[in-house]
Amino acid sequence: MAAPPDVKAMKVVVVGAGPAGVRAAQALVEAGLRPVVIDEGRKDGGQIYRRQPDGFSRSYETLYGTEAARAAALHRDFQAMRASIDYRPDTLVWNIGPKAVHVVSGTRYEEIAFDALIVCGGATDRLMPVPGWHFAGTFSLGGAQVALKSQGCAIGARTVMMGTGPLLYLVAAQYVKAGATVSAVLDTSTFAQCLRALPQLLAIPSTLRKGMALMRVLKKAGVPVHRGVTPVEIDGSPEHGVSGVRVKLADARTLEVPCDAVALGYHLRSETQLADLAGCDFDFDDATQTWLPRIDEDGRSSIAGVYLAGDGVRVRGADAAERAGRLAALAALSDAGIQREGAARLRAELGRFTRFAAGLRRAFPWPARFAAALPDETIVCRCEAITAGELRRVVREMGATEANRAKAFSRVGMGRCQGRFCAQAGAEVIAAEAHVPLEAVGRLRGQAPVKPLPMAIAPACHAERTVEHAGQCTQEFSE
Amino acid sequence: MSSRFVRVAETGRKTFDLIVDGVPTQAAEGDTLMVALLTTHDTLRDSEFGDGRRAGFCLMGACQDCWVWTAEGERLRACTTPAVPGMSIVTRAALVGEGVWPRPRM
C-alpha cells in the first residue's frame, strides 16, 4: 500500500467558472484541496449564469427564467467556497505547457504549475456564414443573449433571430419577455426533424416542456416563426450595417424581413483550443461533425492529469456540465488515490443528458449543405473579410484540401478569432470543393496564444513575475 | 446619429460622459464600452479589410471584432471593457493618427 496521499499538497487548476468549473472546484474543496480557479470573466457563473454588473437590480427570475434556482444555487455555492479557493477572475489561460498553465490578467503574466488540470472552457456559437453577415448589426445568438442578460440591452430595435438550435427560441423568448421587438424567428430546421427527435428528447421531459413553453411565449406575442428556411442574404450597407434579412421559406417563396439587427447561430461548438494545447488526442465525432477531444466517461483526456468537462468538450447543456465538472474532479481525486462517493450516480445522470443532447442535434441539425451553396463572394472569415471563392480557389488551384494548408494559403482561420467562427463552415466549404468527406479535411491546430495578448511576451514568464514592457505593446500573436 | 442597441432594462442608472470621435456621448454606470458605443452609434469600428463598419459580434471576448482605440492609442476590446467617465474613444481608422498604433499601455 502506498502512503496516504498528501491531499492538501495536490495542486489542481480549474479553468472556467461556469457550471462545470464551479462544481469541479466544489468537489475539490470538499476533499480538502485548495484549487486555483481561473476565470476569463469578471465574476463567476460562466456565460449561461453570467452575473449582471454591480448596481443592476433585476431578479434571478427576470435574468434566468426557469433556470433561476439553478443559477442562484451555483452563485451561492461559489460564494460559500470563495475563501477556500484561489480565484483568479479576469484572467486568460493563453497557453498550456507540461504541468503548467500560462495566464495573463491585464498585463500581468504568470505561470501556474499543476498536478491536475480540469478544463471547463465552455462553448461559443456555431456559425454558418450567409451573404452579408459581416454587416454591422449581425451578432451571434449567444452575444444577443449576453447583451440582454448582462447589460439590459436588445441588440436592435427590430431583431431577427436566425439559425437553429435551442438558443434560437430561448433568446427570442427572453427578448419578448424583456419587451424587445423580435421581428421574426427563422429556423433552418423543420418541425418534422423535431418530431423525429422526440424519443431522445423525452430523456429529460422537464427540459422538453420548457422548450415548448418558449414556443408558446413567441406564439402569444405574435412573433412570426418560420421553420425549414434557407437563409439567402442579410441586406445592409457597409456604412450603416444591417437593414433586413431575406430567406427562402419551406414552400420556396422568398420572405424579406426588415430589421436593424440579426442574431445568428446554429447551436453551439465546444471551445477546444486549450485541450489541444495540452496535447490531448482528438477524434472526429460523426454526431456533431466536429473534432472533439477524446475523453472517457469521467472526463479523463488522453493526457494523464488533464481532465475535460462541460460544454467545452461535449455540448450537453448547463445541467450536464454541473455533473460533468464534479465527475471530472472526482476522477482527478481518484487518480491521485483519493476515493470519494458519488461518481456512479453522476455517470447515470449524465447518460440521460447525453441522450437529450443527441435529440437536440437531431431536432436542430447543423446545415452542412449550406456551405457548398454559398455564393463565391460571401465572406467566410469575418476577421479578414476572406470569401468562400478565395477559399475554394486555394482548394482547386493549390490542392489545399487539408484545413491547415488551406488556412496557410487563404488565411481563413488565421485571423484574430483564431477560427472560432469560421473554421467549421470553412472545413465544409473545403470538403465540398474537394469532394472529400469532412473528416478528411482535418481540423485547425490550436495555436498559443488562444487569444491576442496585450503585449509582446518575454522569452520566459516566471511565476509571480510581472513582465515590464516598453514600446511594442499591442502586438498580435495570431499565427 | 442612430443607435444599434436598445436599453430595455436597468434604465434608472446614473449617467456620465465619455468622448467618442471627439464628441461627448452619454453612458450609464455599469455599461461595457460596447454598450456605451452602440446605444449611441450604429457601429463601433472600421474593418481593416475594407468591407465597411463593424459593431462587434460575439460579446464574450471570443471574436475580437469590437476592438476600438483610445485617443492615446491604447487598444480596447469594447465588449469586455467597462466604460468609465472621461474615456476618449476613436472608432474611425481615419481619425487614428499616424504612428498611434501600437503604443504602450500606461
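Residues numbered from 1 in each chain as written. Chains lettered and ligands numbered in written order. Predicted model: local features only at pLDDT ≥ 70, side-chain atom pairs only at ≥ 80, totals over all residues.

*Asks:* So what exactly am I meant to see when it comes to the overall build of chain A here?
*Replies:* Per the secondary structure count, chain A includes 15 helices and 23 strands. For chain A, whose C-alpha radius of gyration is 22 Å, the value lies close to the compact-globule estimate of 23 Å for 479 residues. Counting only C-alpha atoms and orienting by the principal axes, one finds that chain A spans roughly 75 × 50 × 45 Å. Sorting the 479 residues of chain A into buried and exposed places 53% on the buried side. Look at the contacts in chain A between residues 6 or more apart in sequence, and 69% of them connect residues 24 or more apart. (Helix = DSSP H or I, 4+ residues; strand = E, 2+ residues; numbered from the N terminus. Rg over C-alpha atoms; globule rule 2.2 N^0.38 Å. Buried ≥ 20, exposed ≤ 12 C-beta atoms within 10 Å, placed from the backbone. Contact = placed C-beta atoms within 7 Å.)

*Asks:* Explanation requested: the overall build of chain B in the structure shown.
*Replies:* When its secondary structure is counted, chain B shows 1 helix and 8 strands. Counting from the amino terminus, chain B carries its helices and strands in the arrangement β-β-β-α-β-β-β-β-β. In chain B, which comprises 106 residues, the share counted as buried stands at 43%. Restricting the contact set of chain B to residue pairs at least 6 apart, pairs at least 24 apart contribute 47%.

*Asks:* How should I be thinking about the packing of helix H6 (residues 191-201) of chain A against helix H10 (residues 343-363) of chain A in this particular structure?
*Replies:* A pair of packed helices is captured by two measures, namely the crossing angle of their axes and the spacing between those axes. Residue and element names in this part refer to chain A. For the pair H6 and H10, the least separation of the axes is 8 Å and the interaxial angle reads 175 degrees. It follows that H6 is roughly antiparallel to H10 by the angle criterion. Seen from H6, the contacting residues are Gln193, Cys194, Arg196, Ala197, Gln200 and Leu201; seen from H10, they are Arg355, Phe356, Ala358, Gly359, Arg362 and Ala363. A breakdown of the residues in the contact of H6 with H10 according to their chemical character gives 6 nonpolar, 3 polar and 3 charged. (Axes fitted to C-alpha atoms, helices over the stretch in contact; angles between N-to-C directions. Parallel < 35°, antiparallel > 145°, perpendicular 65-115°, else oblique. Nonpolar A, V, L, I, M, F, W, Y, C, P; charged D, E, K, R; others polar.)

*Asks:* Would you explain the domain arrangement of chain A in this entry?
*Replies:* All names here are of chain A. Taken domain by domain, chain A holds domain 1 (7-124 + 269-360), domain 2 (127-266) and domain 3 (369-436). Inter-centroid distance (C-alpha atoms) of domain 1 to domain 2 is 29 Å. The partner domain 2 presents 14 residues to the 15 residues of domain 1 that form the contact. With 7 residues, the top contributor of residues to the side of domain 1 that touches domain 2 is H10. The residue inventory of the side of domain 1 that touches domain 2, partitioned by class, reads 6 nonpolar, 6 polar and 3 charged. (Domains from an automatic or database assignment.)

*Asks:* Is there a simple way to explain helix H13 (residues 403-410) of chain A in this structure?
*Replies:* Because each turn of an α-helix spans 3.6 residues, side chains separated by three or four positions in sequence point in the same direction. All names here are of chain A. Among all positions of H13, only Ala403, Ala406, Lys407 and Ser410 are buried. Taken end-on, H13 shows its buried residues confined to a sector of 105 degrees, consistent with a single buried face. Packing partners of the buried residues in H13 comprise strand S23 (386-387), helix H12 (388-398), helix H14 (423-434) and helix H15 (438-441). Downstream of H13 by one or two residues, Arg411 has phi in the positive range, about 75 degrees. (Arc of directions from axis to C-beta.)

*Asks:* In this structure, what is going on with the sheet that holds strand S3 (residues 86-88) of chain A? I would like to understand it.
*Replies:* Picture the strands of a sheet paired through backbone hydrogen bonds; they go either parallel or antiparallel. Residues and elements named next belong to chain A. Sheet architecture is open: 5 strands sit in the order S3-S2-S1-S7-S21, paired in parallel fashion. Pairing within the sheet leaves two strands with one partner each, and these edge strands are S3 and strand S21 (306-308). With strand direction ignored, the average angle separating the axes of adjacent strands in the sheet is 15 degrees. Taken together, the 3 bridges between strand S1 (residues 12-15) and strand S2 (residues 36-38) define a ladder with parallel strand orientation. If you follow Val14 over to S2, its bridge partner there is Val37. Strands in contact with helix H1 (residues 19-30) are S1, S2 and strand S7 (116-119); relative to S1, the strand with the most contacts, it is inclined by about 160 degrees. (Pairing = 2+ DSSP bridges.)

*Asks:* Would you mind going over the environment of Phe282 of chain A with me for this structure?
*Replies:* Residue and element names in this part refer to chain A. With respect to the element layout, Phe282 can be found in strand S19 (residues 282-285). When the C-alpha positions of Phe282 and Ser302 are compared, they lie 8.8 Å apart, and in sequence the two are 20 residues distant. Among all residues touching Phe282, those that are not within four sequence positions of it are Trp291, Leu292, Pro293, Arg294 and Arg443.

*Asks:* Would you mind showing me how to read the pairing of strand S3 (residues 23-28) of chain B here?
*Replies:* Along any regular strand, the residues point their side chains to alternate faces of the sheet. Residues and elements named next belong to chain B. The pairing of strand S2 (residues 15-20) with S3 spans 6 bridges and is antiparallel. By the bridge assignment, Leu18 is partnered in S3 with Thr25. What sits between S2 and S3 in their antiparallel hairpin is a turn of 2 residues, with Asp21 showing a positive phi close to 50 degrees.

*Asks:* Explain the pairing of S2 of chain B here, please?
*Replies:* Relative to strand S8 (residues 88-90) of chain B, S2 of chain B is paired through 2 bridges, and the arrangement is parallel. Following the sheet pairing, Ile19 of chain B is matched in S8 of chain B by Ser88 of chain B.

*Asks:* Hey, could you run me through the interface of chain A and chain B in this one?
*Replies:* Interface size is commonly expressed as the accessible area that is lost once the parts come together. With 53 residues of chain A at the interface, the matching set in chain B holds 39 residues. Mapped onto the side of chain A that touches chain B, the elements with two or more residues apiece are strand S9 (138-140), helix H4 (141-151) and strand S10 (153-154) of chain A. Ranked by residues supplied to the side of chain A that touches chain B, first place goes to H4 of chain A with 5 residues. Here the side of chain A that touches chain B is composed, by residue class, of 23 nonpolar, 21 polar and 9 charged. In this sheet, strand S1 (residues 6-7) of chain B lies alongside S10 of chain A in antiparallel orientation, the contact comprising 2 bridges. Paired with Ala154 of chain A across the bridge in S1 of chain B is Val6 of chain B.

*Asks:* Looking at this structure, how should I read the environment of Phe16 of chain B?
*Replies:* All names here are of chain B. Tracing the chain through its elements places Phe16 in strand S2. Among the residues examined, Phe16 registers 16 C-beta atoms within 10 Å and is labelled partly exposed. A C-alpha to C-alpha distance of 9.5 Å links Phe16 and Ala83, two positions 67 residues apart in sequence. Aside from chain neighbours lying at most four places away, what touches Phe16 is Ala27, Glu29 and Pro85.

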